[in-house]
Structures are given as structure tokens and as C-alpha cells.
Amino acid sequence: MSITIDLTGRVAFVTGSTRGIGRAIAETLHEAGASVAILGRSAETATAVAEALGERARGFACDVTDPEAIRAAVSACEAALGPVDILVNNAGLTRDNLLLRLSEADWDEVLAANLRGAFIATQCVIKGMMKRRHGRIINITSVVGLTGNAGQSNYAASKAGLIGFTKSIAKEYAARGVLANCIAPGFIETDMTAVLPEGPRLALLESIPLGRLGAPTEIAGAVLYLASDLAGYVTGQVLVVDGGMIS
Ligand code: NDP
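Below, the structure is looked at part by part.

Conventions used here
Residues numbered from 1 in each chain as written. Predicted model: local features only at pLDDT ≥ 70, side-chain atom pairs only at ≥ 80, totals over all residues. Heavy atoms only, no water. Pairing = 2+ DSSP bridges. Helix = DSSP H or I, 4+ residues; strand = E, 2+ residues; numbered from the N terminus. Axes fitted to C-alpha atoms, helices over the stretch in contact; angles between N-to-C directions. Contact = heavy atoms within 4.5 Å. Near = heavy atom within 4 Å. Polar contact = N/O pair within 3.5 Å; in protein donor to acceptor, adjacent residues only side chain to side chain. Areas by Shrake-Rupley, 256 points an atom, 1.4 Å probe, with all protein chains shown as cover. 1 Å grid on protein atoms, 1.4 Å probe; cavity = no way out; pocket = protein on both sides within 12 Å on 5 of 7 lines; lining within 4 Å. Sits in = over half its atoms within 2 Å of the grid points. Left-handed = near helix turned anticlockwise from the far one by under 90°. Nonpolar A, V, L, I, M, F, W, Y, C, P; charged D, E, K, R; others polar.

1. Some details on the sheet that holds strand β3 (residues 57–61)
With parallel pairing, 7 strands are arranged side by side in an open sheet as β3-β2-β1-β4-β5-β6-β7. Sheet topology places β3 and β7 (238–241) at the edges, where each strand pairs with a single neighbour. The average undirected angle you get between the axes of adjacent strands in this sheet is 20 degrees. Pairing between strand β1 (residues 11–14) and strand β2 (residues 35–40): 4 bridges, direction parallel. Of the residues in β2, the one forming a bridge with Ala12 is Val36. On the sheet, helix α2 (residues 43–53) packs against β2 and β3 and is oriented at approximately 170 degrees with respect to β3. Sitting on the sheet, helix α9 (residues 216–227) touches β4 (86–89), β5 (135–140), β6 (178–185) and β7, and the angle it makes with β6 is about 165 degrees.

This is the structure:
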């Protein structure tokens with residue numbers, strides 16, 4: 001038996017898709033036949049990534065800390081590619097510090113990007129999804145949202161918030177054919193984890209049963225599943241992809 005995931009005719013909007021996990025997600029959905037909006041803070045960078053993908057890909061500026069920029073990017077995407085069927089809220093950032101040293105600005109920026117950004121983008125696409133009685137919202141949270149992490153109270157709060165948000169919209173829109181799920185990556189090889197110093201990195205590897213960091217394509221595979229018809233009965237879930245770290 002062979003199974004092919006075919007997303008031909010679907011439009012995917014993947015925030016933070018100029019590099020790292022988001023780029024792997026966008027490339028995988030595109031490979032499966034979807035049209036894909038590539039998004040980052042700079043229109044030039046996003047357009048260059050989209051051009052490298054070729055047909056069915058377009059690049060747009062979308063700073064997820066700016067609600068107006070998100071609304072404008074969704075409108076531009078829908079004008080160029082069609083209504084969004086698959087929203088992947090992937091863009092995220094860290095501003096790590098111990099609680100007593102954490103500034104309000106760093107708290108606000110992380111919450112604005114990682115949580116409010118997902119809320120605004122979801123609000124932009126959900127009406128169309130309801131009308132078409134089909135949609136997939138896939139939010140990239142983190143194992144840190146499930147476990148907490150010293151020095152990341154702002155990031156962990158944003159990622160835990162994303163899980164509560166996802167479970168709520170899963171309940172609100174299931175009857176309209178819109179499914180919402182989270183993926184919680186463990187440690188994945190990207191620019192975000194490249195800054196880990198040697199010592200903590202080795203300690204981290206010891207805590208991962210599979211003995212290695214994950215690859216962005218391994219998160220993309222989970223997104224592809226949740227975006228496909230194979231996941232038609234899955235909503236409100238958190239799929240942990242972490243090499244066994246928190247199991
Ligand atoms: P990277 O830092 O490697 O890439 C971040 C992406 O987000 C880039 O495409 C960047 O584009 C974009 N971005 C950054 N700031 C903004 C912003 N304000 N508005 C819009 N886009 C922005 O991150 P990862 O690929 O590692 O992480 C992707 C997601 O996965 C994040 O939500 C992260 O929290 C989550 N995650 C990552 C883990 C890991 O180990 N890497 C583990 C668990 C979760 P540009 O610079 O072009 O604007």
C-alpha cells in the first residue's frame with residue numbers, strides 16, 4: 001500500500017518561514033503541492049526564499065509583533081495565492097533572563113510575538129475557513145510550554161498560553177471543519193539553538209534519549225501529517241517531537 005499526501009489546491013501561510021523550522025515547514029508543504037506564503041520581517045528576504053521554491057510560492061513581510069502587519073500580510077497572501085487553508089503560527093522569539101532580571105519590555109515582546117501574533121493571524125483566517133468548512137491551524141509551541149524552564153518564564157508562558165489558545169479554538173470551530181493542534185518541538189538545530197554554549201549543549205544531549213538534536217525537517221513532517229487528511233479526526237492536541245526528552 002502506498003500513501004501520498006497531496007495538498008494540491010491548498011494555500012499555506014507559515015509565519016517565520018525564511019529560515020529554521022518555518023522554512024522547512026514551508027518547503028515540505030510546498031513539496032506536497034500546496035501554494036505557500038513565505039513570511040519574515042523583511043519582504044526582500046521572504047521573496048528570495050519564495051523565489052528559491054519557485055512556482056506556487058510568494059514572499060511577504062510579516063512582523064508578528066505588529067497586528068497591522070499580520071493583517072496586511074494575510075490580505076496580500078489571499079490576493080496572490082487564494083484563501084488560506086493551512087495556517088502555521090511558527091514565528092517565535094526568546095528574550096531569556098531570570099525572573100528578577102526580566103524587563104517588562106522583554107516580557108511584552110515575547111508575548112506579543114509568540115502568543116498575540118498567533119491570535120491575530122488565526123482571527124484573520126478563521127472566517128474564511130468556517131465558510132469553506134475546512135481549515136487547519138497548526139501552532140508551534142515548545143516542550144518548555146509543558147515543563148517550564150529556568151530563565152525562560154516569558155517564553156514558557158507564551159508557549160503554554162499557545163496551548164490553551166489552541167485547545168480553545170479547537171473546541172470553538174470543530175463543528176465548522178476547522179482543526180487546531182500544537183506541535184511541541186524539543187531542541188532542534190536552528191539559529192535559535194546555535195547560541196547554546198558547549199557545556200549546556202552536552203548536558204542537553206544527555207537528557208535526550210535519541211542522543212541528538214532534532215532536524216527542522218522532523219518538525220515539518222509532523223506539520224505535514226496535521227495538515228493532511230490523515231489527521232482528519234485530530235484536534236486540540238499537542239504533538240511532542242523531542243527525541244523522547246520529556247516522555
Ligand atoms: P529561528 O530563530 O531559527 O527562526 C525564526 C524565524 O522567525 C525566522 O524565519 C525569522 O525571520 C522569524 N522571525 C523572527 N522574529 C520575527 C518577528 N518579530 N516577526 C516575524 N517573524 C519573525 O527559530 P526556529 O526555527 O528555531 O523556531 C521556530 C519556532 O519553533 C519558534 O516559535 C520557536 O519558539 C519554536 N521552537 C524552536 C525550538 C528549537 O529548538 N529551535 C524548540 C521549540 C520550539 P526573519 O529573521 O527573516 O524575520
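2. Section: the site of the ligand
Among the 29 residues in the neighbourhood of the ligand, the closest are listed as Arg19, Arg41, Asn90, Tyr155 and Thr190. Lys159 is positioned with one of its side-chain polar atoms (N or O) 2.9 Å from an oxygen atom of the ligand. Coverage of the ligand by the protein amounts to 93% of the 900 Å² it exposes when considered alone. Taking a 2 Å distance to the grid points as the criterion, the majority of the atoms of the ligand fall inside the largest pocket. With 3 residues, helix α7 (residues 191–194) is the largest single contributor of residues to the shell around the ligand.

3. As for the packing of helix α1 (residues 20–31) against α2
Following both chains from N to C, one finds α1 and α2 inclined at 35 degrees, their axes separated by 11 Å at the closest point. Of the two elements, α1 crosses α2, and the hand of that crossing is right-handed. Note on element contacts: α2 touches α1 through Val49, Ala52 and Leu53, opposite Arg23, Ala26, Glu27 and His30. Residue composition of the contact of α1 with α2, by class: 4 nonpolar, 1 polar and 2 charged.

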